[in-house]
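# Survey of secondary and tertiary structure
If you want the building blocks of each chain, they are given just below.
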Amino acid sequence: MADRISEQREDVRFRVLRLLEDNPEFSQRDMAQHLGVSLGAVNYCLSALVEKGHVKVNNFRAADNKLRYAYLLTPQGFAEKAALTSRFLRRKLREYEALKQEID
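Report follows, based on the coordinates. (Residues numbered from 1 in each chain as written. Predicted model: local features only at pLDDT ≥ 70, side-chain atom pairs only at ≥ 80, totals over all residues. Heavy atoms only, no water.)

### Some details on the overall build of the protein
In terms of helices and strands, the protein carries four helices and two strands. Considered along the principal axes of its C-alpha atoms, the protein spans approximately 60 × 25 × 25 Å. When burial is assessed residue by residue, the protein has 30% of its 104 residues classed as buried. Taking the contacts inside the protein whose residues are at least 6 apart along the sequence as the reference set, 49% of them involve residues at least 24 apart. A total of about 7200 Å² of accessible surface is found on the protein, and carbon and sulfur atoms cover 52% of it. Between the averaged position of the 18 positive side-chain charges in the protein and that of its 15 negative side-chain charges there is a distance of 5 Å. (Helix = DSSP H or I, 4+ residues; strand = E, 2+ residues; numbered from the N terminus. Buried < 20%, exposed > 50% of the residue type's maximum accessible area, 1.4 Å probe, protein only. Contact = heavy atoms within 4.5 Å. Areas by Shrake-Rupley, 256 points an atom, 1.4 Å probe, with all protein chains shown as cover. Lys, Arg positive; Asp, Glu negative; His and termini not counted. Charge placed at Lys NZ, Arg CZ, Asp CG, Glu CD.)

So this is what it looks like as structure tokens:
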């Protein structure tokens, strides 16, 4: 059970990093809606990524004169994303093989 929770957290981190690489201007609310997770989960994940040095937060002004943030992956963040991608793909391949055996 603990392994499954750990995998789910890792999947959220992977998905957040992947989303931020393409959409650094997304708000936390945008990320939550796009990923299908709660706003609190995105906030928690981003806080941890910033604390670990994987994401840098920059301020900018949005068109409606409100201060917004841009979330930028650091070199460490790109390395973490690559490691998470590798683990994600290995895990999905194992799941595929298990399903294939079950079907056969």
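### A closer look at the environment of Arg-29
With respect to the helices and strands, Arg-29 occurs in helix H2 (residues 28-35). According to the relative accessible area criterion, Arg-29 is exposed, its value standing at 52%. As for Arg-29 and Val-42, which are separated by 13 residues in sequence, their C-alpha atoms are 8.2 Å apart.

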